[in-house]
Each structure stands twice: as structure tokens, then as C-alpha cells.
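Close look at the chain arrangement
One letter stands for each residue in the lines below.
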Amino acid sequence: MQWQNSLLNMIGGVGLLLYGMSLMKDNLQKVAGKRFRDILTLLTKNRLVGLGLGAFITLLFQSSTATTVLLIGLTSASILTLRETLAVVLGADIGSTITAQLIALKATEIALPVIFLGSFIFLFSKTNRRKRMALVLVGFGILFLGLKMMADTMYPLKNDPSVGRILTQISSNPLLDILVAAVFTFLISSSAASIGIIMLLAMQHMIEIRPAIYMLLGANIGTTFTPILSSIGSSRESQRVAMAHFLFKTMGVLLAFPMVDYIVEFIKQVTNSPGFQVAHTHTLFNIVLALLFLPIIKHVAHFLEILLPNKKDPAGELKPKYLDENLLTSPDLAMGMATKEIIVISDYIHEMVKSTATLFANYNQDKADKILEKEEKVDLLSIATNQYLTKLLRHRLTKDEFKRAMGLITIIREYEFVGDVVESNMLGKAENMNIRNQSFSAEGLREIQTLNDRIVYLLHLVNTSFATNNCVLAEQSKALYEEIVDLLFRMQMSHIIRLKEGARETEETTFAHMELINCYGRISEHLKNIVMVLTDDLPYLWQQENMQLEVPVSN
């Protein structure tokens, strides 16, 4: 019965610890939100600042694994480079040691007061930001409450002969210590949690300092497995970050393994407390790693580029570059990545429309094929980005975040419609005219080229307005749209006048000419809809189409 209760208490303690970490991480990401990417990009330019940043982020998240997975996502999204990320990874490992020091200081005793304080602030907070900061405090308290529950559970077990025999058997084999700790750390995805348990075992005198250090080394290796798994299927750059983390830890363990006896003697002279002995060893191990690798980060990055060369994609760039599902828990970052992907789509659309008019002057099959290739890319990226944003909508979002995500979905749809007009209508007209050996009159061709130039300029204004969030350009786009509407009407009248005059080319191509003008009109309409979303003049466009969509929205 005692074993059953102890097992349930241990499971409950681990659960509280992991839930506390998750609560802290999720709410800190939401609080950091909009400026987080810019701050990371700015501060990682300097190695030492990046090192301190990594330690600080891990102190907040209470998990070097979570920090490394976040860095992998940011690297995959091309926000950070490999060289910028490596210093932050080393700093994250140092940051993970602070939790161990707090455990050694018996900070677990403040768990309940911290939970009370966080809950009190949450209940009386009026804004989402304050509520999330309060939840960070609650998560911190729950984390240490879990550790306290495990400590209280372990205390009576230290006198149990069967527990002693199991721990003695494990402790007698250093490699087994390392393996067990590595696997356990991987399973719970938290080095802070596993090291906390190792410290509790040492503080309860259930294991000696030597096997505790071996387990500590195993936990440091185990924390690298989850980032490696999360990098599978991501960009090569993000896989290099995960591999760097693994190599840092593995090299450190290989260097420390034959020196454990010396480490034990040294650490015993520093302190007599088993808890502090484990905590100080953990801190020392990761500081030494930083001192060893920080000066040679460029060489490490070069080695990783050789070890993991860039993948050759036989299909070209027919896949999203910026979308990373690891960032879906942070809506602002996720929408930032979706925005970057939409900018790629808008560039393809710009190239397609710009190239189309030349096909009516001088049809070239190679040019037509290139436009079709771009349309395929637009379709693929549009589908992928739409699915990505749809997944984001399943997360709990604020009303502003929900509205912004739906606005991005609308913009994707409008760009895709423009691509469809070019592919399905305009290219088909150009090909048919080439097969029938037809051509526009000189005056008609000049009109089409003029209209195309205006539409391309409108595309440029809309794309730039979207990419830079420039309201002035958006208003200019509206004014230009009105000019284009007037131009379309005048060109239709001009074409009718040429028909009355009996121009042969005009008669042969009248349907193609009028249809082409209509195509440009439809493109301008879709671009106007994008501008309306950007200027918030079309707030109900998506609302009417998505009334059946059930999405959790927080106030």
C-alpha cells in the first residue's frame, strides 16, 4: 500500500512539475509576443549577449529543452542564423542550472505562497497581459509544488530496503546511471525536472554524490533528444542547431566522464550539502561547456555545415520556407511567419502579371511555362499557408489575433484568385491567339500594355503596403484602383470605336480583347479586396464565410 501511494504521489509530483513549466512557457511566449522576434534578432548579434539571453530565456521557461526547440523553430523560419543561435544554446544550458540552485536553496517551500500570489493577481487583473503574468507566477509555484510533493514522497522511502537495493544496483554501474537518466530526461522532455529528482535523491541521502554526477551527465545528454526529434522535417539550418546542442553535451560528457573522481573531490571541498554538490556540478559543467565552445562558434558552425550539407530539392522551391508548426503556440510569431510566406506568394503573383502582357505581343511557350510554374508555386504555398493559419485558429486567440489571422487567410485567397485569373483566362487567351495566328491592333496592344503597367504598379503598391504595413501606400492603392476602373471603361469605349471604324485586327480579336480587359478588371478587384483588409474597411468579408467555424477566442 505504501508503494502504491508513493508511486501515485511521484506521478502526481512529476505531473505538477511539467504542468507548471508548460503554464509558465505558454504564457511567457504570449506576453513576449510581438517584439520577441525583433529582440532576439537584435541581441543575438553579439556572442556574449546571446549567451546571457539564452540563460535568461531558460530561467523564464524553466527548461533548456523548451528554449532549444523554440530556437530550432526560429532558425527554421529564417529569423535567426546558425551562428547567432549557437551562443544562445550555450546560454540556455547555463540557464537550466539556476533551477537546480533554487532547489538546493529549498525554494520549494515558497510554492504555496507563490501560487496564492499568482491566483490573487489573476482574479483581480483586468487585462490579458496581467492575467498571463499572473499565470506565469502560478506556473512557477506549481513547478516547485511538484518538486515538494516528490521530496515528501521520497523521504520515507529512503529507509525502505528494496528501494535501497534498486538504487545501489543502478549506482554501481556508471554507464547505467547515464543511460537511465538520459532516457528519463527524454521521456519527460525536461532536464530541469530530471535533475531536480536527482538532487532530491541526493538530498535524501538515497544515492551518493558520484552516481548523482553520472546521472547528471546522462540528464544533460537526454535533454538533447527532444530538440533532435523536433528538427526532423525542418530546414537544414534548424537540424544543425539540434545537432550542435547534442554535440556540445556529448563532448562535455566525454570530457567529464574520466574526471568524475576529481570532480567529486573538488565539489566536496566546496560544500558539504548534497543538494548544492549536485547543483554546483551541474552549473560548473555547463559553464565549462560555454567557455570551451563560445570562442570557436564560427568553426563549430562551419563543421556542422559540412556534417549536414544543404539538401538538394529536385522539385525546386515548391515548399513553404517559413511555416513552422513549433511556433503555433505563439500566435504573433506564427502570423509573422505566415506573413513572410504570403510575401513570397505576392512576389510570384507580381512576376506572373508583369510577364503576361508580353505574351500577347510576342507569344513564347517557354515564358508561358515559367508563368505556369509560378502558378503551381502560388497554389502550393497558398494551400500550405492557409492550412497553417487554420491550425493556428484552433489555438486560443485574442479577438485581435483571431481577426488578424482571418485577414491573412482572406489575403491569401485574393492572391490565389489573381493567380487563377492569369492561368485560367489570360494564358489561355494568349495561347489561342497564337494558335489562330491572331494579334491585336497596334493601338489595342498599346492599350493592353498600358493597362498591364498600371495593374503591375497597383500590385507593387499593394504588395509593399502588405509587407511594410504602410497605410499611406494602402490609401494610394485605393486611389490607383479608382483610376484603373476609369481606364478600363475608356479602353472598352476605345475598342468599340475601333470596331465601328472597321479595323480588321480589332474585329478578329474583339472577344479576346474585351475578355482580357475584364481579366485585368477582376485582378484589380482582388487587389482592392486585399487593400480593404489592410485598411480594415472590409471587416465582415471573412466573417460571413466562416460563421460555422468554431474557434476558441479569449477576451
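Look up a bit, the structure's there.
Conventions we followed
- Residues numbered from 1 in each chain as written.
- Predicted model: local features only at pLDDT ≥ 70, side-chain atom pairs only at ≥ 80, totals over all residues.
- Heavy atoms only, no water.
- Helix = DSSP H or I, 4+ residues; strand = E, 2+ residues; numbered from the N terminus.
- Contact = heavy atoms within 4.5 Å.
- Areas by Shrake-Rupley, 256 points an atom, 1.4 Å probe, with all protein chains shown as cover.
- Salt bridge = Lys/Arg side-chain N within 4 Å of Asp/Glu carboxyl O.
- Buried < 20%, exposed > 50% of the residue type's maximum accessible area, 1.4 Å probe, protein only.
- Phe/Tyr/Trp six-rings, centres within 6.5 Å; stacked < 30°, edge-to-face > 60°.
- Expected span 1.5 Å × (residues − 1).
- Axes fitted to C-alpha atoms, helices over the stretch in contact; angles between N-to-C directions.
- Parallel < 35°, antiparallel > 145°, perpendicular 65-115°, else oblique.
- Left-handed = near helix turned anticlockwise from the far one by under 90°.
- Nonpolar A, V, L, I, M, F, W, Y, C, P; charged D, E, K, R; others polar.
- Core = buried A, V, L, I, M, F, W, Y, C linked by side-chain atoms within 4.5 Å.
- Polar contact = N/O pair within 3.5 Å; in protein donor to acceptor, adjacent residues only side chain to side chain.
- Patch = residues over 30% accessible without salt bridge, like charges linked within 9 Å, V, L, I, M, F, W, Y side chains within 5 Å.
- Lys, Arg positive; Asp, Glu negative; His and termini not counted.
- Charge placed at Lys NZ, Arg CZ, Asp CG, Glu CD.

Before going further, it helps to spend a moment on the overall build of the chain. Per the secondary structure count, the chain includes 22 helices and two strands. If you take every contact in the chain between residues at least 6 apart in sequence, the share linking residues at least 24 apart comes to 82%. Summing over all exposed atoms, the chain offers an accessible surface of approximately 26300 Å²; the carbon and sulfur share of this is 60%.

Turning next to the pattern of salt bridges. Applying the stated criterion across every chain yields a total of 11 salt bridges. With a shortest N-O distance of 3.3 Å, arginine 83 and glutamate 305 are connected by a salt bridge. With arginine 83 in helix H4 (residues 82-104) and glutamate 305 in helix H15 (residues 297-307), this residue pair connects regions lying 222 residues apart in the sequence. Here arginine 83 falls in the partly exposed class, since its relative accessible area comes to 37%.

For the rest of this paragraph, the subject is the packing of aromatic side chains. Scanning the model with the defined rule gives four aromatic pairs in all. Between tyrosine 214 and phenylalanine 257 the ring centres are 5.5 Å apart and the planes differ by 50 degrees, which places this aromatic pair in the tilted class. Of this pair, tyrosine 214 sits in helix H10 (residues 209-222) while phenylalanine 257 is found in the loop between helix H12 (236-256) and helix H13 (260-270), placing the two residues 43 residues apart along the sequence. For tyrosine 214, a relative accessible area of 10% corresponds to the buried category. Residue classification places phenylalanine 257 among the partly exposed residues on the basis of a relative accessible area of 31%. Between phenylalanine 248 and phenylalanine 293 the ring centres are 4.7 Å apart and the planes differ by 45 degrees, which places this aromatic pair in the tilted class.

A word on the environment of leucine 487. For leucine 487, the position within the fold is in helix H20 (residues 471-501). The spacing of leucine 487 and threonine 450 is 37 residues in sequence and 9.6 Å in space, taken between C-alpha atoms. Beyond its immediate sequence surroundings of up to four residues, leucine 487 is in contact with Leu451 and Arg454.

The phi angle at asparagine 469 is positive, at roughly 55 degrees, despite the residue not being glycine. Turning to its location among the elements, asparagine 469 is positioned in the loop between helix H19 (442-468) and H20.

Right, let's talk about helix H16 (residues 331-361) for a bit. In an α-helix, one turn spans 3.6 residues; hence positions three or four apart end up facing the same way. Along its 31 residues, H16 runs 47 Å from first to last C-alpha, staying within 8% of the 45 Å computed at 1.5 Å per residue. Burial analysis of H16 places 22 of its 31 residues in the buried class, which makes it a mostly covered element.

Bringing the packing of H13 against helix H14 (residues 274-293) into the picture now. Between H13 and H14, whose axes approach to 10 Å, the crossing angle comes to 120 degrees. Viewed along their axes, H13 and H14 adopt a mutual orientation that is oblique. The handedness of the crossing between H13 and H14 comes out as right-handed. Facing Ile263, Phe266, Ile267, Lys268 and Val270 of H13, the residues of H14 in contact are Gln277, His280, Thr281 and Leu284. Classifying every residue of the contact of H13 with H14 gives five nonpolar, three polar and one charged.

Ile349, Tyr415, Leu451 and Tyr520 are the most contacted members of the largest nonpolar core, which totals 71 residues. At the level of secondary structure, the elements contributing two or more residues to this core comprise H16, helix H17 (365-393), helix H18 (399-435), H19, H20 and helix H22 (510-534). In this view, isoleucine 349 contacts Val378, Tyr415, Val418, Gly419 and Leu459; residues no more than four positions away in its chain are not counted. By size, the runner-up hydrophobic cluster in this structure holds 51 residues, among which are Leu51, Ile94, Ile178 and Val264.

Moving on, we come to the packing of H10 against H13. For any two helices packed against each other, one specifies the inter-axial angle together with the distance between the axes. The interhelical angle for the contact between H10 and H13, taken along N-to-C directions, is 115 degrees, at an axis separation of 10 Å. Crossing handedness for the pair H10 and H13: right-handed. On H13, the residues that touch Ile209, Arg210, Ile213, Tyr214 and Leu217 of H10 are Val260, Asp261, Ile263, Val264, Ile267 and Lys268. Split by residue class, the contact of H10 with H13 holds eight nonpolar, no polar and three charged.

Turning our attention to the side chain of asparagine 286. By secondary structure assignment, the location of asparagine 286 is in helix H14. Judged by its relative accessible area of 1%, asparagine 286 falls in the buried class. Here the side chain of asparagine 286 touches lysine 249 through a polar contact of 2.7 Å, side chain to side chain. When sequence neighbours within four positions are dropped, the list of residues in contact with asparagine 286 reads Asp93, Ile94, Thr97, Asn220 and Lys249.

With that out of the way, let us pick up a nonpolar patch on the surface. Taken together, the side chains of Phe116, Leu117, Phe120, Ile121, Phe122, Leu123 and Phe124 present a nonpolar region at the surface, about 740 Å² in accessible area. If you trace the backbone, phenylalanine 116 turns up in helix H5 (residues 111-123). With relative accessibility at 60%, the residue phenylalanine 116 sits in the exposed group.

Its 27 residues place the ends of H19 39 Å apart at the C-alpha level, agreeing with the 39 Å of an ideal helix rising 1.5 Å per residue. Directly after H19, the chain includes asparagine 469, whose backbone phi takes a positive value near 55 degrees.

Moving on, we get to the environment of glycine 222. Its place among the elements puts glycine 222 in helix H10. Taking the relative accessible area as the measure of exposure, glycine 222 reaches 1% and is therefore buried. Here the alpha-carbon distance between glycine 222 and alanine 181, two residues 41 residues apart in the chain, equals 7.1 Å. Once you skip the residues sitting within four places of it in the chain, glycine 222 turns out to touch Ala182, Thr185 and Phe186.

Side chains of Asp366, Asp369, Glu373, Glu376 and Glu423 sit close together on the surface and give a patch of like negative charge. Top element by residues in the negative patch is H17. It accounts for four residues. As for its position among the elements, glutamate 423 is in helix H18. Judged by relative accessible area, glutamate 423 falls into the partly exposed class, the value being 31%.

Take the environment of glycine 12 next. Of note, glycine 12 is situated in helix H1 (residues 2-43). On the basis of relative accessibility, which here comes to 28%, the residue glycine 12 falls in the partly exposed class. For the pair glycine 12 and glycine 146, spaced 134 residues apart in sequence, the C-alpha separation works out to 7.3 Å.

A few words on the side chain of threonine 224. Residue placement: threonine 224 occurs in the loop between H10 and helix H11 (225-231). Taking relative accessible area as the criterion, threonine 224 reaches 0% and is therefore assigned buried. Non-local contacts of threonine 224, meaning those with residues more than four positions away in its chain, are made with His245, Phe246 and Lys249.

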